[in-house]
Amino acid sequence: MEIAADRVVLIHYTLKDDNGAIIDSSAGGEPLAYIQGHGNLVAGLEKALEGKQDGSTVAVSVPPADGYGKHDAALIQRVPKRSMQGSGEIKKGMQFQARTDDGMRLFTVTAVVGDMVTLDGNHPLADKTLHFDVEVVSVRDATTEELEHGHVHGVGGHHH
Ligand SMILES: [Zn+2]
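Everything in this summary refers to the structure shown in the same document. Computed from a predicted structure; not experimentally measured. Within any chain, residue numbers begin from 1 and follow the written order of that chain's sequence. Side-chain atom pairs in this predicted model are given and counted only at pLDDT of 80 or more, local residue features only at pLDDT of at least 70, and totals for whole chains, interfaces and linings cover all residues. Heavy atoms from the whole structure form the basis of all side-chain values; hydrogens and water molecules are not counted.

Further remarks concern the sheet that holds strand S6 (residues 95-100). One open sheet accounts for 4 strands, arranged S5-S8-S7-S6; its pairing is antiparallel. Every other strand in the sheet has two partners, leaving strand S5 (76-80) and S6 as the edge strands with one partner each. Direction aside, the axes of adjacent strands within the sheet are offset by 40° on average. The pairing criterion for strands is at least two bridges between them, as found by DSSP. Only DSSP runs of H or I reaching four residues or more are called helices, and only runs of E reaching two or more are called strands; each is numbered from the N terminus. Judged from the 5 bridges that link them, S5 and strand S8 (residues 116-120) form a sheet pairing that is antiparallel. Considered in S8, the bridge of Ile76 is made with Asp120. Axis angles are defined between N-to-C directions and span 0 to 180 degrees, where every axis is a line fitted to C-alpha atoms and, for a helix, only to the segment in contact.

Turning our eyes to something else, we now look at the environment of Thr110. Relative to the helices and strands, Thr110 resides in strand S7 (residues 103-113). The partly exposed category is assigned to Thr110, whose relative accessible area is 32%. Sequence separation of Thr110 and Tyr13 is 97 residues, and the distance between their C-alpha atoms is 29 Å. Sequence-distant contacts of Thr110, defined by excluding residues within four places in its chain, comprise Lys92, Thr118 and Asp120. The cut-offs for exposure are 20% and 50% of the maximum accessible area for each residue type, with area from a 1.4 Å probe on protein chains only; residues under the lower value are buried, those over the upper are exposed, and the others partly exposed. Should any heavy atoms of two residues lie within 4.5 Å, those residues are counted as being in contact.

Here the coordinating atoms are restricted to nitrogen, oxygen and sulfur within 2.8 Å of the metal centre, or 3.2 Å for Na, K and Ca, and because water is not among them the sites may look incomplete. Within the protein, the zinc ion binds to His149 (ND1), His151 (NE2), His153 (NE2) and His160 (NE2); these donor distances fall in the range 1.9 to 2.2 Å. By the criteria applied here, four donors are tetrahedral when all angles lie between 85 and 135 degrees, four are square planar and six octahedral when opposite donors are over 155 degrees apart and every other angle lies between 65 and 115, and any other arrangement is irregular. Relative to the metal, the 4 donor atoms surrounding the zinc ion lie at angles of 101 to 120°, and the coordination shape comes out tetrahedral. In primary sequence terms, the donor set of the zinc ion follows H-x1-H-x1-H-x6-H.

Among the structural elements, Ser26 can be located in the loop between strand S2 (22-25) and strand S3 (32-35). Note on Ser26: relative accessible area 7%, which makes it buried. Setting aside anything within four residues of it in sequence, one finds Ser26 in contact with Ile11, His12 and Tyr13.

Moving on to unusual backbone geometry. Residues other than glycine seldom take positive phi values, yet Asp6 does so here, at roughly 70°. Summarising the element assignment, Asp6 is placed in the segment before strand S1 (7-16). Backbone geometry at Asp127 places phi at a positive 75°, although glycine is not the residue there. Along the chain, Asp127 turns up in the loop between S8 and strand S9 (130-141). Residue Asp127 is classed as partly exposed on the basis of its relative accessible area of 45%.

As a further point, take the pairing of S1. Burial within S1 is extensive, with 7 of its 10 residues counted as buried. Pairing of S1 with S9, which is carried by 10 bridges, proceeds in the antiparallel orientation. Bridging across to S9, Arg7 finds its partner in Asp141. As judged from the 4 bridges shared by S1 and S3, these two strands associate in the antiparallel manner. Each bridged residue has a counterpart across the sheet, and for Ile11 the counterpart in S3 is Leu32. Alignment of S1 against S2, held across 3 bridges, turns out to be antiparallel.

Structure representation (structure tokens):
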């Protein structure tokens, strides 16, 4: 079966940067399960996988525009600690979901100086070209329930 919208796809993947260093990989663990056509993967990878058969391997380099976007200086903000009440002690490296004009976005604390906290809403992989090696493990139709929930059930997915 080939990869198409509303199909559940299991992949093993390795993601490398421009220097060939491994950023992330599913090797040695469960494959990643996702539903094609629902924006579960970065756009460039989903595009490269469309139409591929189970058992095939795909190598693709995804530019930032189809990956995690360009670095945007406007997404770096300094806010007073007191505006982040209820978050407990604020430390560098912590991440928070916050509402922005473009919807929910993940912010990372990049500095805490005195009473001021620096938040960066850029994805850690913004501006990076993503080099993926993918093995398509299996492809099947999603169930109605999976499409309603927007995620995969069973192997590699949610158990509930
Ligand atoms: Zn579910």
